[in-house]
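Close look at the chain arrangement
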Amino acid sequence: MTRKSGDASRSTIRDVAARAGVSASTVSRVLGGVYPVSAATRGRVMRAVRELDYVADARAKAVAGVGTPTLAFVLEDITGPSFAHMAHGVEREATRLGHLCLVCSTEGDVQHELEFVEMMRAQRAAAVILVGGTADTPEYRERTHRMADSLASAGSRLVLCGRPPLDPGAPVTVIEYDNEGGAYTLVSHVLTQGHRRVLFLGGRADHTTALGRERGYLAAHRARGLTPDPALLLHGDFTRDAGHRLMRQALKDDLDFTAVVAATDMVAAGALTALHEAGLTVPGDVSLAGYDDIPFARDLHPALTTVHVPYEELGRLAVRTALDHTPGAPDEHLLLGTHVVVRDSVGAPPSR
């Protein structure tokens, strides 16, 4: 009897082999298309496949090196708009090059990340792309070096996007953008308008992306002979809610500032809401700037001055470099530039 696709029990490769009167390995050869098989044998196997409505296990095909080649994109939070744009670049470039793109959101679970990478190694994914800043600790370097070696042993490649580089010699590709340089230029623009007390709404104190942006904030002050007040450096995370909470706290504590630089546009959006709730205007009472240049930044009121990060190109480049590498090649390090997008949210400080 022909098995229907809705049946509870699913046909296996052994069922197909028995129906066609051949071995399971012969069925694999026919379906894989990589070994010569007689036309008669191929006909019997394909007829059995149709009759049993057999669907080959994609995982088995990947382990065997057959089927659509895959790339894996691993990030902490898939809801972040900057990561979404990077994922879009990865997916579009992977599709253009004939690869399937798999996405994994770890929610910060290191064990989940390790398990997913190991699964991709077993399936011989062409590359695994890890995205986003992290704490640059010896444990991180050792763990990630092991990932890189494991993937390289299977002919794959580990790509770090916006993550700390590893020690020299690791089989890894590192693609970064200039976090510190972007923040330096942005804060320099704010200081040029005449501001001297600039509140910085940063990320986690151990997070490499947040630290890079904070270094740029500090360096821009030093370049002008200024020493920022430590009380004006606040830490949270990269979310809208963090920006709203930190801004409300700064206003409650009556901190003295005329401008705010937020570590991300999402943080800036939360800060803007808190300023409006307090009856303050931007940039009339307080200037405000963000970082990332995600699309809605131009639709805020006022439109947000920010740092443009080429997230989609970063994703595209991650795919291209991963697929172009020489197997077993040592580390390579690429750095993309950023630039300030001047809009309406930054002006001169109010007269006092």
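Our structure is the block above this text.
Residues numbered from 1 in each chain as written. Predicted model: local features only at pLDDT ≥ 70, side-chain atom pairs only at ≥ 80, totals over all residues. Heavy atoms only, no water.

1. Regarding helix 10 (residues 240-252)
In a regular helix each residue adds 1.5 Å, so 13 residues correspond to 18 Å; helix 10 covers 18 Å between its end C-alpha atoms and thus fits that length. Turning to helix 10, its buried residues are A242, G243, H244, L246, M247 and A250. On the buried face of helix 10, the contacting elements are strand 6 (198-202), strand 7 (233-235), strand 8 (259-262) and helix 11 (265-277). Positioned one or two residues after helix 10, D254 has a phi angle of 55°, which is positive. (Helix = DSSP H or I, 4+ residues; strand = E, 2+ residues; numbered from the N terminus. Expected span 1.5 Å × (residues − 1). Buried < 20%, exposed > 50% of the residue type's maximum accessible area, 1.4 Å probe, protein only. Contact = heavy atoms within 4.5 Å.)

2. Let's talk about the sheet that holds strand 5 (residues 172-177)
Taken in spatial order, the 6 strands line up as 2-1-3-4-5-11 in an open sheet, and their pairing is parallel. What marks the edges here is a single partner per strand, and that holds for strand 2 (100-105) and strand 11 (332-336). Going from strand to strand, the sheet's axes swing by 20° on average, the running direction of each strand aside. Together, strand 1 (70-75), strand 2, strand 3 (127-131) and strand 4 (158-161) form the strand contacts of helix 5 (residues 81-96), whose direction differs from that of strand 1 by roughly 175°. (Pairing = 2+ DSSP bridges. Axes fitted to C-alpha atoms, helices over the stretch in contact; angles between N-to-C directions.)

3. A look at the pairing of strand 5
Most of strand 5 is tucked away, with 5 of its 6 residues classed as buried. Here 4 bridges tie strand 4 to strand 5, and the two strands are oriented parallel to one another. Paired with C161 across the two strands is I175, which belongs to strand 5. Relative to strand 11, strand 5 is paired through 5 bridges, and the arrangement is parallel. Note that in strand 11 the partner of T173 across the bridge is E332.

4. Looking at the pairing of strand 2
Sheet analysis places strand 1 next to strand 2, joined by 6 bridges and oriented parallel. Bridge pairing in strand 2 places T70 opposite L100. In terms of handedness, the path from strand 1 via helix 5 over to strand 2 forms a crossover that is right-handed. (Right-handed = clockwise from strand over helix to strand, strands pointing away.)

5. Some remarks on the sheet that holds strand 9 (residues 287-289)
Strand order in the open sheet formed by 4 strands is 7-6-8-9, with parallel pairing between adjacent strands. Edge positions in the sheet fall to strand 7 and strand 9, since each of these pairs with one other strand and no more. When the angles between neighbouring strand axes are averaged without regard to direction, this sheet yields 15°. Across 3 bridges, strand 8 lies against strand 9 in parallel orientation. In the sheet register, A259 faces strand 9, and the bridge partner there is S287. Here helix 9 (residues 208-223) sits on the sheet in contact with strand 6 and strand 7, set at roughly 165° to strand 6. The sheet contacts of helix 10 involve strand 6, strand 7 and strand 8, and relative to strand 6 the element is tilted by about 145°.

6. Some remarks on the side chain of S345
Inspection of the secondary structure puts S345 in the segment after strand 12 (339-341). One polar contact links the side chain of S345 to the main-chain carbonyl oxygen of L288, over a distance of 2.5 Å. Polar side-chain contacts of S345 include one of 2.9 Å to the backbone nitrogen of T305. Apart from the residues within four sequence positions on either side, S345 is in contact with V282, P283, S287, L288, P302, A303, L304 and T305. (Polar contact = N/O pair within 3.5 Å; in protein donor to acceptor, adjacent residues only side chain to side chain.)

7. Considerations on the side chain of N179
In this fold, N179 is placed in helix 8 (residues 179-192). N179 gets classed as buried once you look at its relative accessible area, which sits at 11%.

8. Notes on helix 3 (residues 39-52)
Between its first and last C-alpha, helix 3 extends 20 Å over 14 residues, near the 20 Å set by a 1.5 Å rise per residue. T41, V45, A48, V49 and L52 are the residues of helix 3 that are buried. Seen end-on, helix 3 carries its buried residues on one side only, within an arc spanning 105°. In helix 3, those exposed residues whose orientation departs by more than 90 degrees from the buried face are A39, A40 and R50. Looking one or two residues past helix 3, D53 carries a phi angle of roughly 55°, positive in sign. (Arc of directions from axis to C-beta.)

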